[in-house]
Amino acid sequence: KQRVKRREQNKLKRGADLAKNTVSQVWEIAVPIAEELGLILWDVCFEKEGANYYLRIIIDKEEEGVGIDDCVNMSHAIDKPLDDADLIDRQYNLQVSSPGIERKLTRDFHFDYAMGEKVILRLIRPCDGKREFNGVLTGYENGAVTILLEDEIEMTAEKKEIAFVKLDDFNM
């Protein structure tokens, strides 16, 4: 049983490493294409959901929001370079979208972008019986996220302790 469990853990780790490597390679291909289209590459995700794999490319725009035409243009522009690079050895679905109103903050530049904005921070494990906190993003340094809670208390959590941080645009 122990050997089977270890084999399954190693398989999961290899899958996570493959996804991470795929994401970084797709990122390198996608950045110049997005810039050429006047877009910002917000994120890239390669995930398995059920029996299907999804390569998600999330784009943004500096001034106005992302429209359907921006997504279509990015999808068409990146399709051939992805095929030529032949990075993914299995069938997958390519999805290009905007980050949405409650965009997730995962990369360093996301936190710079959202500094001073209202966010929702959810911890992996509860702190004082609570997992979800609302506040204003006041700091991000060396993987530590600091928010000012509604009761004017600052809270800092390491990224490894956080399930997600996303903009709280619905409570503005």
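Thresholds applied
- Residue indices begin from 1 for each chain and proceed along its sequence in written order.
- The model is predicted, so local features are restricted to residues of pLDDT at least 70 and side-chain atom pairs to those at 80 or more, both for listing and for counting; the totals for chains, interfaces and linings are taken over all residues.
- Note that water and hydrogens are dropped before the side-chain values are worked out from all heavy atoms of the structure.
- Each helix corresponds to a stretch of at least 4 residues labelled H or I by DSSP, and each strand to a stretch of at least 2 residues labelled E; elements are numbered beginning at the N terminus.
- Should DSSP find at least two bridges between two strands, the strands are taken to pair.
- Orientation is described by lines fitted to C-alpha atoms, with helices fitted over the stretch in contact, and by angles between N-to-C directions that extend from 0 to 180 degrees.
- Two residues form a contact once any of their heavy atoms are found within 4.5 Å.

### Section: unusual backbone geometry
Phi at Asp 86 takes a positive value of approximately 50 degrees, unusual for a residue other than glycine. As for its position among the elements, Asp 86 is in the loop between α2 (68-85) and β3 (93-97).

### Here we look at the sheet that holds strand β1 (residues 40-49)
Ordered in space as β1-β2-β3, the three strands form an open sheet in which the pairing is mixed. Here the strands that pair on one side only, and so sit at the sheet edges, are β1 and β3. On average, each strand axis in the sheet is tilted by 15 degrees relative to the strand beside it, whichever way the strands run. Two elements, β1 and strand β2 (residues 52-60), share nine bridges in a ladder whose sense is antiparallel. Bridge pairing in β2 places Val 44 opposite Ile 57. Each of β2 and β3 touches α2; the most contacted strand, β3, lies at about 140 degrees to it.

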